[in-house]
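Structural description and commentary
Each chain is listed here by its residues.
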Amino acid sequence: MDMKKKIVKLMIIVLMIASAFFVLAELVSVRHKQESGGGTVSEWIASIIMEPYLPAMHMMHHGSTVKIASDIYERWVLAGYPVFLYGTMEGENEETAAESDYARLLMLEGSDEDHKSIAEEELEYDENAMHLEQNLADAMLAENGAYLENQAAGQEEVPAQEEVPEQSADAAILEFVPVQAKNYSYQWEELKSYEMLIKAFYAVDSTTKAGDDLLQLDRLLSRDMRVTGSTEAPQILIYHTHSQEAFTDSVPGDASTSIVGVGEHLADLLRERYGYQVMHHTACYDQERDYAYSNSLPEIEKLLADNPSIEVVIDLHRDEMPADKRLVVDLQGRPTAQFMFFNGLSRSKKGEIEYLENPYLADNLAFSFQMQAACNEYYPGLARRIYLKAYRYNMHVCPKTLLIELGAQNNTVEEAMNACDPLAHVLDLVLSGEEPVRE
């Protein structure tokens, strides 16, 4: 009797090992299968072993689509084997969902954006980055010193008989002044190769792949991002997929201290300082965060249909950081939150995600690239690397669409508000056609 039990246990162990092998082998052989158009030896062996001994798993992996019913069955069968479950879920989420599962793909975007499959450090520029080769601290000090000199010169011009309220040095540097001269200028011939372009500008999440079919310097630079319409009608739309995102000192229930308030400040700067016609849409779509993108999409599409003059769409968020990391720099004596441009590529490691088509992907990528280049040249150290992820994030609604992560939950409202000044300036540089300078 003991011998029979041992044999049964041994058979179970062998079958489990065989199952693990075929799951891993399937992942490895997908590319070969796509290129050759045929099956693999591992699939032939799998059919011999899995069909009689593991019929449930064989049935779940037979065919080209994943149905809702088999999805539930699969997760129940594999609940005790999280590695197998992750493997099958990953395939479903990335590119094999049937059309009936389109809504689930949109739902995945809502939770996926909060999770980075990449170390935070990879989103930072190190001291060897091209635009940081000069000492950033010295550049900032020189810039601030020039600003203070201008302030002092302006005060000297005030007539002696006119009383001027005393100002401390700290108070004098609170007003932001757009930078006129670049701190750094890219030599574009140095960035012709895909490898150099990635090194200088991007962080690619492990869930997706970029490639030189998407990222070519000439294409990124040559796209015209200028706003051409009249200011008689809305030109720019700012909205918030996650309108409930707040900062460390936000007041609960007070939207003016949340990302919505930051969006209104950015809209005001673009209107009053740079002359754009801006619509700020403040509706809340993230009561259930997982459904935020699917909830917001029809409303944003309707806004664009009702306002065909809109040429630029900005989805403004704030990021989520580990407690011990803060995204803040000193800019003109003001604590200023760093920000990051974010692109969804609508492709997984295996290829394009069919049901997340984006006809404007090339435009989206060119827009974020030109914004990043201008940020690095005028305000080095302010923008983190452009972050590329797998899904679409509703960036298909308009060619000139930006998704911006401004600050994080542990930034203050003041730091986030201060970041709007350089961000608005860089937006104007690109939307006016002043940047990038093309050789």
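First, a word on scope: everything that follows refers to the structure included in this document. Positions within a chain are numbered from 1, following the residues in the order the chain's sequence is written. pLDDT decides what is reported in this predicted model: residues at 70 or higher carry local features, side-chain atom pairs at 80 or more are listed and counted, and totals for whole chains, interfaces and linings draw on all residues regardless. Each side-chain value is derived from all of the structure's non-hydrogen atoms; neither hydrogens nor water enter the calculation.

**So, the pairing of strand 10 (residues 386-389)**
If a strand is regular, its side chains alternate between the two faces of the sheet. Taking every second residue as pointing to the same face, both faces of strand 10 are buried, with I386 and L388 on one and Y387 and K389 on the other. Two strands pair if DSSP finds at least two bridges between them. For helices the rule is a DSSP run of H or I covering at least 4 residues; for strands it is a run of E covering at least 2, with both sets numbered from the N terminus onward. Pairing of strand 1 (residues 202-204) with strand 10, which is carried by three bridges, proceeds in the parallel orientation. Each residue of the ladder has a partner; that of V204, found in strand 10, is L388. Classification of residues uses two cut-offs on accessible area relative to the type maximum, computed with a 1.4 Å probe and protein chains only: under 20% is buried, over 50% is exposed, and between them is partly exposed.

**Description of the packing of helix 9 (residues 194-201) against helix 13 (residues 361-378)**
Helices that pack against each other are described as a pair by the angle of their axes relative to one another and the distance between those axes. Axes here refer to lines fitted to C-alpha atoms; in helices the fit is confined to the stretch in contact. Angles between the N-to-C directions go from 0 to 180 degrees. Packing of helix 9 against helix 13 leaves a shortest axis separation of 11 Å and a crossing angle of 60°. With respect to each other, helix 9 and helix 13 are oriented oblique. Crossing geometry of helix 9 relative to helix 13 is assigned as left-handed. Packed against helix 9, whose contacting residues are L197, A200 and F201, the element helix 13 presents F369, Q372, A373 and N376 at the interface. Each angle is binned into one of four classes, with values under 35 degrees roughly parallel, values over 145 roughly antiparallel, values of 65 to 115 roughly perpendicular, and all other values oblique. Left-handed is the label given to a crossing in which the near helix is rotated counterclockwise from the far helix by less than a right angle, and right-handed is the label when the rotation is clockwise. Should any heavy atoms of two residues lie within 4.5 Å, those residues are counted as being in contact.

**Let's talk about the packing of helix 11 (residues 259-272) against helix 14 (residues 413-431)**
Put simply, helix 11 and helix 14 touch, their axes get as near as 9 Å, and they point 40° apart. Judged by the inter-axis angle, helix 11 sits oblique to helix 14. With respect to the hand of their crossing, helix 11 and helix 14 are arranged in right-handed fashion. Packed against helix 11, whose contacting residues are G261, V262, H265, L266, L269 and L270, the element helix 14 presents A416, M417, C420, D421, L423, A424 and L427 at the interface. Residues are grouped as follows: nonpolar covers Ala, Val, Leu, Ile, Met, Phe, Trp, Tyr, Cys and Pro; charged covers Asp, Glu, Lys and Arg; every other residue, Gly included, is treated as polar. Residues that form the contact of helix 11 with helix 14 fall into these classes: 10 nonpolar, two polar and one charged.

**Concerning the nonpolar core**
F201, Y202, L215, L270, F339, L406 and L427 are the most contacted members of the largest nonpolar core, which totals 72 residues. It is helix 14 that contributes the most residues to this core, 12 residues altogether. In contact with Y202, other than residues within four places in its own chain, are L197, L215, L220, L365, F369, R385, I386 and L388. Y293, Y393, M395 and L403 belong to the second largest nonpolar core, which has 13 residues in total. Residues enter a nonpolar core if they are buried and are Ala, Val, Leu, Ile, Met, Phe, Trp, Tyr or Cys, with the set joined through side-chain atoms within 4.5 Å.

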